[in-house]
Amino acid sequence: MPRQRPRTSNKQMDRTDLEKAFNHRVQTKCSHKEAAEKFGVKKTTLVDAFNRSKKEANGVTYVPVPGKVNMVFTPEQEGLIVKYTIQAAQMFYGLPRIEVRRMVYNYAHACKSKSIPEAWERNRMATTDWYYSFMERHPDLVLKAPEGMSIARIVAFNKVNVETFFKAYTLALEKYQFTPDRIFNLDESSLSTVMKPCKVVCARGKPVATQVTRERGETMTFVGIISAAGQAVPPVFIIPRARWNPTFMRNTSFGSKGILHPSGWMNGDCFVQTLQHLHERSGSSDENKILLIMDNAECHMNINVVEFAIRHGIVIVTLPPHTTDKLQPLDVSVFGPFKTFLRALLNDHALMHPNEHITVHQLPEFACDAWTKAANPTNILSGYRATGIWPVNRLIFPDEAFVGAQVTERPAPPEDFVVEVGPPSSDGANSSDGEDQPPASQVIDLPDLSPTLEDDPDDPTGTAWPDPGTAAPGPNTATPGPNTATPGPNTATPGPSTATPGPSTATPGPSTATPGSSTTTPGSSTQSTPPSITPEAVRPFPKAANQRPYGKGKKRLRACILTENEEAIVDLRVKAAKKQKLEEKKKAVAGKKSGVPRKKKPAPVPESSEEDDVRVLLDDSSEYSDDSEEFTESSYPFLDKEPEAGDFVLVRLALEEGRGVGTSVWYVAHVLVTLEGSRLNLSFLRMKSAILRNTFTFPNIPDESEVDAGHCLGVVKLQKSGSVSPNPWVGVTQPLGRCDPATGAHRP
């Protein structure tokens, strides 16, 4: 099929004039030449019209010129091709040009077209001339270069995950009645001293325009926080340095915070400090809580983070994994303009200061200027509105937005397969006032994702043919209605019972009977005409074949109220214990590799006075042996008495600074004096050696401090130095420590 060439002349004829000339000659019996000259048509054209009338009619009736007789497809079939192509692109599996030509060739054979050109048969695909003509006939189609998209994002953004998030989110809103100024969104973004250059004007013909930049730059983490009221919280920077320099935060926005970390990446300890910054700026408390929406990144899922949030009135709602590009306001409307403004500022600085490279000391200043421009009320409110978070809009995403998840979509899980978005419901036993507590969990029934047939009011059986873009009925789909035939080709099963389609059920095609309308009753054999075949029947949409079974594989935390989900909190505690055990194992292996001699057996205990060494006896029986797995307070054999002056007590305190902020640490201390207000003046002891873990000694410099009596777990048993007893520290995973006399902070 040749391409359409531009017309070089104006010799066009109106078909109505030809019909008028034809009727004039029939009525007046004039010559062909006279009728043609009167109405301005060619004589040969008029003669052809009479010959066509004699061949196809009675010779006196005008027969119009047939249209494009060489069309391969009808307009309806081309419309199906357009619809199929658009839907494939929406599913993130668009067809390239050559694949469209192959699909069209196969579709022409499936439709049994009588005008398939020989060039199509020779190449087994449509020609490029037909392709360009097809694109001209349908201007809503265009050839574009697609962007890469992670399969995890395509799979995760589905109706189930979105509904799970909105149920958890609305549950928190209804329970605490949050206002827009108390709803926050937090996310991190990477900043670099060398960013992508802006576009520049240059001479045409040069393949690449170059600009002076550093080959490699330093990166840091930027933390942005915005509220649903259109306000932005001063940002937080994770600076890749080990020592603080006042120039890091020079000329930054008031209230901005800098946190040091050698790598410049966010981790659990840095995120606790970030929440501390949000707590100070928002004034959150148990009486005035705030709602924080964030993703479930590895650095966020930390038990210290959850405990800090619970203590300071921060209700955390997590987003489903790999859905932040659609559900997180910062990613939707703020971070894009922020990076654009920052790139422009860095480019302006490079033009004004040639041969000067931007360092991490200057990057926070430029980032704050760009954040002030990007985090304006218009962008912030637009992000919350586009995600449906505020105002709350569960139906913000149409069905077309989830079409990409159809590739890996599975049937609905069993009815007993539910997802908990909150902690297990309480029976009110722990309620202080005895009243019934509101349920703290929501059980979500996952909707049925299996393809269904839409109801047709004209169909008495309640079934109708699916849309060309929907899947055909599967082998396990029961056909409703009595006397309904099995949807196989030309198959009918009369009788009062409903037949179930077997594995031989065919995809609806030209020779497939329409389910519901192919009903056969005794004494009649009526069958309706099947619909036209669709491109999907020739080339089905992509579908993942290997589907993982339910309840197996790695357990993933879905959208939930993290601060109220007891199951998630327990998992985080177990994860933290495993991580700490692994770190201790790595340290032990590193000590062996460094050349430290292995201690095979304990050294004899040196003689000392009773004032110097104190042996703490946990139990005088064999119940607590080296085979114990876990240390609990209830298993500690304390003396049944209140602490008095001269007793030795076991104290549990939490670290107030350093990497292990909030971590509980056990200490052995000597009670010096009991003070008023339930306070004790204690003298802390040190461990004698790493081998004799149940022997402690007083340090050369007294380590004294006042401690609330509530931190005292109990009075411990004693033995003189040199006696034999079972290992008393079975299951204790935290190291002992001492108290800093200057600051009062307890360190390991």
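As shown above, the structure is provided for reference.
About the criteria used
Residues numbered from 1 in each chain as written. Predicted model: local features only at pLDDT ≥ 70, side-chain atom pairs only at ≥ 80, totals over all residues. Heavy atoms only, no water. Helix = DSSP H or I, 4+ residues; strand = E, 2+ residues; numbered from the N terminus. Buried < 20%, exposed > 50% of the residue type's maximum accessible area, 1.4 Å probe, protein only. Areas by Shrake-Rupley, 256 points an atom, 1.4 Å probe, with all protein chains shown as cover. Phe/Tyr/Trp six-rings, centres within 6.5 Å; stacked < 30°, edge-to-face > 60°. Lys NZ or Arg CZ within 6 Å of the ring centre and 35° of its normal. Pairing = 2+ DSSP bridges. Axes fitted to C-alpha atoms, helices over the stretch in contact; angles between N-to-C directions. Parallel < 35°, antiparallel > 145°, perpendicular 65-115°, else oblique. Left-handed = near helix turned anticlockwise from the far one by under 90°. Contact = heavy atoms within 4.5 Å. Core = buried A, V, L, I, M, F, W, Y, C linked by side-chain atoms within 4.5 Å. Salt bridge = Lys/Arg side-chain N within 4 Å of Asp/Glu carboxyl O. Nonpolar A, V, L, I, M, F, W, Y, C, P; charged D, E, K, R; others polar. Expected span 1.5 Å × (residues − 1).

A short note on the overall build of the protein chain
What the protein chain contains, in helices and strands, is 17 helices and 19 strands. Here the protein chain holds 748 residues, and the buried ones make up 38% of them. Per element, the accessible surface of the protein chain, about 43800 Å² overall, is 52% carbon and sulfur.

Here's the deal with the packing of aromatic side chains
Describing an aromatic ring pair means giving the distance of the ring centres and the angle of the ring planes. Applying the stated criterion across every chain yields a total of 24 aromatic pairs. For the pair F73 and W120, a centre-to-centre distance of 6.4 Å together with 45° between the ring planes defines the contact as tilted. Here F73, found in the loop between α3 (43–56) and α4 (75–90), pairs with W120, found in helix α6 (residues 118–123); they are 47 residues apart in sequence, far enough to count as distant. Comparing F73 with W120, the two get one shared label, buried. With centroids separated by 6.4 Å and ring planes inclined at 70°, the aromatic side chains of F397 and F402 adopt a geometry described as edge-to-face. Its relative accessible area of 13% is what places F397 among the buried residues. Every member of this aromatic cluster is reached through a ring pair, and the members are F73, Y107, W120, W130 and F134. In this structure, R25 packs its charged tip against the face of F50, placed 4.7 Å from the ring centre. Lying over the aromatic face of F157, K326 brings its terminal NZ or CZ to 4.4 Å of the ring centre.

Some remarks on the sheet that holds strand β10 (residues 648–654)
The strand order β15-β12-β11-β10-β16 describes an open sheet built from five strands, whose pairing is antiparallel. One side of each edge strand has no neighbouring strand; the edge strands of this open sheet are β15 (704–708) and β16 (712–715). On average, each strand axis in the sheet is tilted by 40° relative to the strand beside it, whichever way the strands run. Judged from the five bridges that link them, strand β12 (residues 679–684) and β15 form a sheet pairing that is antiparallel. Residue R679 lies in a different strand from β15, and its bridge partner there is D708.

Points about the packing of helix α13 (residues 329–352) against helix α14 (residues 363–374)
Running from amino to carboxyl end, α13 crosses α14 at an angle of 130°, the nearest separation of the two axes being 8 Å. Our classification of the angle between α13 and α14 gives oblique. Where α13 crosses over α14, the handedness of that crossing is right-handed. In this structure, α13 contributes L330, V334, F335, P337, F338, F341, L342, L345, L346 and H349 to the contact, and α14 contributes L363, F366, A367, D369, A370, W371, K373 and A374.

What about unusual backbone geometry?
With an omega of -10°, the peptide bond between W390 and P391 qualifies as cis. Although it is not a glycine, K29 adopts a positive phi angle of roughly 60°. Structurally, the position occupied by K29 is in the loop between α1 (15–28) and α2 (32–39). A relative accessible area of 68% places K29 in the exposed class. Its identity as a non-glycine residue notwithstanding, Q177 has a phi of 55°, on the positive side.

Overview of the sheet that holds strand β5 (residues 290–294)
One open sheet holds the six strands; their spatial order is β4-β3-β2-β1-β5-β6, and the pairing between them is mixed. At either margin of the open sheet sits one strand with a lone partner, and together these are β4 (257–260) and β6 (314–318). Strand after strand, the sheet turns through a mean of 25° between neighbouring axes, direction not considered. Where β5 lies against β6, five bridges are found, and the strand directions are parallel. By the bridge assignment for β6, I290 is matched with I314.

Concerning the nonpolar core
F165 and F338 are the most contacted members of the largest nonpolar core, which has 51 residues in total. Per element, the largest residue contribution to this core is eight residues, and it comes from helix α9 (residues 159–176). F165 has contacts with I293, V317, T318, L319, P320, L327, I389 and A559, leaving out every residue within four places of it along the chain. Counting 30 residues, the second largest nonpolar core, distinct from the first, contains L186, F308, I316 and L562.

So, the pattern of salt bridges
Within this structure, the stated rule accounts for 12 salt bridges. As a salt-bridge pair, E99 and R539 come within 3.2 Å of each other at their nearest N and O atoms. Within this pair, whereas E99 is found in helix α5 (residues 97–110), its partner R539 is found in the loop between α16 (535–538) and α17 (566–593), the two being separated by 440 residues in sequence. A residue is classified by how much of its surface remains accessible, and E99, at 22% relative accessible area, is partly exposed. Put simply, E307 and R573 hold a salt bridge, and the shortest N to O gap is 3.8 Å. Separated by 266 residues along the polypeptide, E307 in helix α11 (residues 303–311) and R573 in helix α17 bring together distant segments of the chain. Taking the relative accessible area as the measure of exposure, E307 reaches 26% and is therefore partly exposed. The exposure class assigned to R573 is partly exposed, which follows from its relative accessible area of 42%. When salt bridges with common partners are traced through the structure, they connect E99, R102 and R539 into a single cluster.

Remarks on helix α7 (residues 128–137)
The complete set of buried residues in α7 reads W130, Y131, S133, F134 and M135. Looking at the packing, one finds that the buried side of α7 touches α4, α5 and α6.

What about the pairing of β10?
Counting buried positions along β10 gives five out of seven residues, so the element sits mostly inside the fold. Sheet analysis places β10 next to strand β11 (residues 664–675), joined by seven bridges and oriented antiparallel. Along β11, the bridge assignment pairs L653 with V665. As defined by bridge partners, β10 adjoins β16 across three bridges and the pair is classed as antiparallel. Counted as the bridge partner of V651 is C712 from β16.

Focus: the side chain of S227
Inspection of the secondary structure puts S227 in strand β2 (residues 219–227). Residue classification places S227 among the buried positions, given a relative accessible area of 2%.

Brief notes about the packing of α13 against helix α15 (residues 377–387)
Taken N-terminus to C-terminus, the directions of α13 and α15 make an angle of 150°; their axes are 7 Å apart at the nearest point. As judged from the angle between their axes, α13 and α15 are roughly antiparallel. Crossing angle aside, the handedness with which α13 passes α15 is right-handed. Listed contacts from α15 to P329, V332, S333, V334 and P337 of α13 are N379, I380, S382, G383, Y384, A386 and T387. Taken together, the residues of the contact of α13 with α15 break down into seven nonpolar, five polar and no charged.

Looking at α5
An α-helical turn contains 3.6 residues, so any two residues separated by three or four positions project in the same direction. When the terminal C-alpha atoms of α5 are compared, their 20 Å separation across 14 residues agrees well with the 20 Å that a helix rising 1.5 Å per residue should span. Three or more residues of α5 are buried, namely V100, R101, M103, V104, Y105, Y107 and A108. For α5, the secondary structure elements touched by its buried residues are α4, α6, α7 and α16. At the C-terminal side of α5, K112 shows a positive phi close to 55°.

Shape descriptors only; they carry no functional weight alone.
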